[in-house]
Amino acid sequence: RAAGRRLPVSSRRRMSATWARAAARWLLAYLRLREDPKGALADWARVVDAERSALLRAPDDTSPAIVATLMYHLAQAYAEQGQNDLAEKTAEQARQLSPGNDPQRLEAHLQTAWSLRRRGLFRWAEAEFRRVAGAGLPVATVLANNALAEMFHDQGNHQAAAEALRGAIEVFTEKRIRQEELAGRRRHEMVARMHYFLACHAKEQGDQANHVQHLEDALRADPTEVDALIAFYRLPDATPEQRKRADRLVERAAAMMKEQILEEPDDANHYNQYAWLVGNTKGDLDEALKFSRKSLELSPNNGAYLDTLAHVHFARGELEEAVRVQTKAIEMEPHSGLLVKELEVFKAALEAKKNAGAKKP
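Residues numbered from 1 in each chain as written. Predicted model: local features only at pLDDT ≥ 70, side-chain atom pairs only at ≥ 80, totals over all residues. Heavy atoms only, no water.

## Quick look at the packing of aromatic side chains
Step number 1: Under the definition given, this model contains six aromatic pairs.
Step number 2: Look at Tyr271 and Phe291: their rings are 5.5 Å apart centre to centre, the planes differ by 80°, and that puts the pair in the edge-to-face class. Separated by 20 residues along the polypeptide, Tyr271 in helix α13 (residues 268-280) and Phe291 in helix α14 (residues 285-298) bring together distant segments of the chain. The pair formed by Tyr271 and Phe291 is uniform in burial state, with each residue classed as buried.
Step number 3: One aromatic cluster is present, built from ring pairs that chain together Tyr271, Tyr274 and Phe291. (Phe/Tyr/Trp six-rings, centres within 6.5 Å; stacked < 30°, edge-to-face > 60°. Helix = DSSP H or I, 4+ residues; strand = E, 2+ residues; numbered from the N terminus. Buried < 20%, exposed > 50% of the residue type's maximum accessible area, 1.4 Å probe, protein only.)

Spelled out as structure tokens, the structure:
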């Protein structure tokens, strides 16, 4: 298609009809696959192969991103049937569908990676994130490594999360990327997040000294790094000086977040951040509950925001409600390791409370 030239109406109508028929075929084949995974697999493979052939034959008539999505569904179906070689081959073909490193293609790979992560297909998501990170475009590298780091952190692989962020920081520094190119991400925030991940890794290794040191480093880089601040506030063997500093930092961060809410009252994340901080440290839990609910008004069925609401209920001693809300959060994000882990904490606390009540005369 010539640049800047629109297709004739008749051509656009033919394309719309073609897309509609193709979508109907995909849907019917996919529904059959869900109902009869083994029996309908060959039919689904034929539908996907036909769409892949159409892409190679007439690229303007379909989309690499759509075909990649179909192929990953096929790869997943192969894996579920124990056909691992075919699954890996199909996934590799999906990654190779859109060669080239222009921003539009890389954005499509990034969106595919996020979709795979949400479906719990972490290994294929990692390959897509690394495909983008290795493309040689600085902004894409930073964005992909940030996303990869958060995925690793959610899976409990904190050292790998820190290394992914280290790569993003190096590119950010070397290429002097402008903040506006990264949707507001700042270098010092990434540095703080990296140290928080290293602190998590040190804690799991039983290395308390490095755990505390990395939390200190995180808060020096960014005193409002909320997860690092929560972990610092909760240090079991904190010195009096550390406790005073933690109290001071929490109060300052909470005040700053309330100012952000006043400045941008329609930004759900500001409400969520305040509720997450107060719900996990100290402060006005009634206000935290109100703000958490407000975040969900602005962004309904958000798994992360539901997780925050569950933590606020937990802090208020409303354990049954915490379990109920966290269960709903996992329905939104069923493959989140962090959310599943916290649900077990809430359930254990609720069970202990019930047992304690049963023992009372």
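Here the narrative resumes, following the displayed structure.
## Digging into the pattern of salt bridges
Step number 1: Summed over the entire model, instances satisfying the criterion amount to 19 salt bridges.
Step number 2: The partner of Arg95 in a salt bridge is Glu92, with the nearest N and O atoms 2.7 Å apart. Taken together, the residues span about one helical turn, with Arg95 and Glu92 both in helix α4 (residues 84-95) at a distance of three residues.
Step number 3: Taking relative accessible area as the criterion, Glu92 reaches 34% and is therefore assigned partly exposed.
Step number 4: A salt bridge links Glu150 to Arg193, with the shortest nitrogen-to-oxygen separation between them at 2.9 Å. Of this pair, Glu150 sits in helix α7 (residues 138-155) while Arg193 sits in helix α9 (residues 187-204), and the two are 43 residues apart along the sequence.
Step number 5: Here Glu150 falls in the partly exposed class, since its relative accessible area comes to 25%.
Step number 6: Arg193 gets classed as buried once you look at its relative accessible area, which sits at 13%.
Step number 7: Salt bridges sharing common partners tie together Glu150, Arg193, Glu225 and Asp227. (Salt bridge = Lys/Arg side-chain N within 4 Å of Asp/Glu carboxyl O.)

## Thoughts on unusual backbone geometry
Step number 1: Positive phi, normally seen in glycine, also occurs at Asn301, with a value near 60°.
Step number 2: With respect to the element layout, Asn301 can be found in the loop between α14 and α15 (303-315).

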